[in-house]
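Structural characterization, general
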Amino acid sequence: MLGSTPLEFKDEAKLALADANLQKALAGMDDTFVAWRASAVERLPEFEALRDAAKGIKDHALANLDFYLERFAGNVEAGGGKVHWCADADAARAAVLAICRRVGARTVTKGKTMIGEEIAINEHLEANGITPVETDLGEYIIQLRHETPSHLIAPAIHLTVEQVGETFREAHRDLDPQRPLVDPGDMLTEARVKLRKSFLAADVGITGANFLIAETGSTVIVTNEGNGDLTQILPRVHIVIASIEKIVPTLNDASTILRVLARSATGQEMSVYTTFSTGPRRPGDLDGPEEFHVVLLDNGRTALLGTEFADMLRCIRCGACLDHCPVYQKVGGHAYGWVYSGPMGAVLTPGLIGIEKATPLPNASTFCGRCESVCPMRIPLPKMLRHWREREFERHLTPSRYRAGMALWGFLARHPRLYRLGSGLAGRFLGALGRRRGAFRSLPLAGGWTAYRDMPAPEGPSFQQLWAKRRR
Ligand code: SF4
């Protein structure tokens, strides 16, 4: 599963469906994230109005992206920080490494950052003799297992408690091997004790950013563990790595979006910690870093502006579309083969790495529309998935069998009498074959469906026949 690419989605999905541990780990999503969000939304009558306001803020910021980014950068520099403009992942990795080398860093603590995953910063630091230590509990667990996050906000959601216990027993060999490791609270305490030493030893702390605030030059992170605060306050140097679309004009705007973010992500009214960072430590401050850097990453985002995929740049990485997606709920995040998964990943990944390298992902959807219905930023995910499918078709990236099927369908659709005749005959034939038990357990050309569930047999008249009858 690890090390796969988006092109292997179908094979990885099959492996995921056969993985008993993964199925057990993912089984409770409807009772947790989905139920938590529903309850939080029910308690806030103005939630729908807040979604509109949040969408409006991001649309405005994206329409004036250059203005707000320059304003943000000016305010960071005025506060004593430094902004590093990075066109791609190579530039961002080089900027982070140069800072770490200049200050002689040996250990770097990290708060959770998906941009860190996007630019593969851990691998780059390790290759250059610097040890990165993940401090978010989920990220810490998967770092011990040499895995990547499988969810935007719950990186270890693919693991059972038993698997995490085994991981800790294997990694923390200095502790009693017979200790019980079944209670998540005990494991959290164990991780905290281990991480405390890294927090104190770190020369540099790296965090992501949920928002960049133009009017103050502040960066904002939301966490539930407080690890982000220790990551950015204790080391001498704080590096924020963030993509350009995280910009919002004002503190008020960030507050508005924060109200939909936590509710959509975890069903909380607010995350436990919302931390604003504005420049390095000033005279009189009790704590804070001596240096404050913001590594601003484009990596293909400006190319999406003005296209039919621009709405994707409103995403605030809440994870709600993953939680509610019937495909994600069964195959998890690793099957998608890149940093981002679920419906938002199926749209964003082709946008960032190219449809040629991500071609199966837009098809990893039933088009049920659940993702769009819960997205706090009202991102039309199914519509954009359809656009990607059109691009796949135009560029001949779809399998020839599929193209032949579509060509046949197109021909029949242009010849309605033939269509009616063919569909009527096929319906009658299949109905007669399957009516005895009501469903097919296998069907030629539909093995992808019948391998996992029965195909209902046609029953009675077709839609066209019913429609004709109704009109008569
Ligand atoms: S697309 Fe919407 S629901 Fe999905 S992570 Fe982004 S903001 Fe959340």
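Residues numbered from 1 in each chain as written. Predicted model: local features only at pLDDT ≥ 70, side-chain atom pairs only at ≥ 80, totals over all residues. Heavy atoms only, no water.

1. Concerning the sheet that holds strand β9 (residues 273-277)
The condition is simple: At least two bridges found by DSSP between two strands are what make those strands a pair. Under the DSSP-based scheme used, a helix requires at least four consecutive residues in state H or I and a strand at least two consecutive residues in state E, with every element numbered from the N terminus.
The strand order β8-β5-β6-β9 describes an open sheet built from four strands, whose pairing is mixed. Where the open sheet ends on each side, the last strands, each with one partner, are β8 (247-248) and β9. Bridge analysis of strand β5 (residues 211-213) against β8 gives two bridges, and the strand direction is parallel. Along β8, the bridge assignment pairs Leu-212 with Ile-247.

2. Observations concerning a nonpolar patch on the surface
Keep this limit in mind: Each patch is built from residues that are more than 30% exposed by relative accessible area and take part in no salt bridge. Like charges join if they lie within 9 Å; nonpolar side chains (Val, Leu, Ile, Met, Phe, Trp, Tyr) join within 5 Å. Only the protein chains shown count as cover for residues, with accessible areas throughout obtained via the Shrake-Rupley method and a probe of 1.4 Å. Each reported salt bridge corresponds to a side-chain nitrogen of Lys or Arg within 4 Å of a carboxyl oxygen of Asp or Glu.
A contiguous nonpolar surface patch, about 490 Å² in accessible area, is contributed by Leu-408, Phe-411, Leu-418, Leu-421 and Leu-425. Elements represented by at least two residues in the nonpolar patch include exactly α19 (400-413) and α20 (416-434). The greatest single-element share of the nonpolar patch, amounting to three residues, is contributed by α20. In this structure, Leu-418 sits in helix α20.

3. So, the domain arrangement of the protein
Short version of the rule: For the domains described, the bounds stem from an automatic or database domain assignment.
When its domains are assigned, the protein resolves into domain 1 (44-297) and domain 2 (421-471). Placing a centre on the C-alpha atoms of domain 1 and another on those of domain 2 gives a separation of 51 Å.

4. A look at the packing of aromatic side chains
Going by this rule: The aromatic pairing rule takes the rings of Phe, Tyr and Trp, using the six-membered ring of Trp, and pairs them if the centres are within 6.5 Å, calling planes under 30 degrees apart stacked, those over 60 edge-to-face and the rest tilted. Throughout this description, buried means an accessible area under 20% of the type-specific maximum (1.4 Å probe, protein chains only), exposed means over 50%, and partly exposed covers the range between. A ring has a charge above it when a Lys NZ or an Arg CZ is no more than 6 Å from the ring centre and no more than 35 degrees off the ring normal.
All chains considered together, the criterion is met by eight aromatic pairs. Summarising the aromatic geometry, the rings of Phe-33 and Trp-36 are spaced 5.3 Å apart at their centres and angled 65° between planes, so their arrangement reads as edge-to-face. With Phe-33 and Trp-36 both in helix α3 (residues 30-42), this residue pair falls three residues apart, about one helical turn. Overall, Trp-36 belongs to the partly exposed group, its relative accessible area being 40%. Here a set of aromatic residues connected by ring pairs shows up, and it is made of Phe-9, Tyr-328 and Tyr-336. Taking the ring centre of Phe-393 as reference, the NZ or CZ of Arg-403 above it sits at 4.2 Å. The ring of Trp-449 is capped by Arg-453, whose NZ or CZ atom sits 4.2 Å from the centre of that ring.

5. Quick notes on the nonpolar core
Quick reminder of the rule: Within this scheme, the nonpolar core is defined by two criteria: the residues are buried Ala, Val, Leu, Ile, Met, Phe, Trp, Tyr or Cys, and they are joined through side-chain atoms within 4.5 Å. Contacts are assigned to residue pairs with any non-hydrogen atoms lying within 4.5 Å of each other.
Among the nonpolar cores identified, the biggest contains 106 residues, and Ile-239 and Met-344 are the most heavily contacted of them. Setting aside its immediate chain neighbours within four residues, Met-344 contacts Leu-152, Met-312, Cys-315, Arg-317, Cys-321, Leu-322 and Leu-381. Counting 13 residues, the second largest nonpolar core, distinct from the first, contains Tyr-140, Ile-141, Phe-168 and Phe-199.

6. Here's the deal with the site of the ligand
Rule in force here: For this purpose, a residue is taken to be near a molecule or strand whenever a single non-hydrogen atom of the residue falls within 4 Å of it. We call Asp, Glu, Lys and Arg charged. Ala, Val, Leu, Ile, Met, Phe, Trp, Tyr, Cys and Pro are nonpolar, and the rest, Gly among them, are polar.
Taken together, the neighbourhood of the ligand is formed by 15 residues, with Cys-315, Cys-318, Gly-319, Cys-321 and Cys-375 sitting nearest. For the shell around the ligand, a count of residues per class yields 13 nonpolar, one polar and one charged.

7. Focus on the packing of α19 against α20
Note the cut-off: Axis definition: a line fit to C-alpha positions, over the contact stretch in the case of helices; interaxial angles, taken between N-to-C directions, run 0 to 180 degrees. Note that the term roughly parallel is reserved for angles under 35 degrees, roughly antiparallel for angles over 145, roughly perpendicular for angles of 65 to 115, and oblique for everything else.
At their nearest, the axes of α19 and α20 sit 6 Å apart, and the two run at 120° to each other. As far as their axial angle goes, α20 and α19 are oblique. Residues Trp-409, Phe-411, Leu-412 and Ala-413 of α19 pack against Pro-416, Leu-418 and Tyr-419 of α20. Residue composition of the contact of α19 with α20, by class: seven nonpolar, no polar and no charged.

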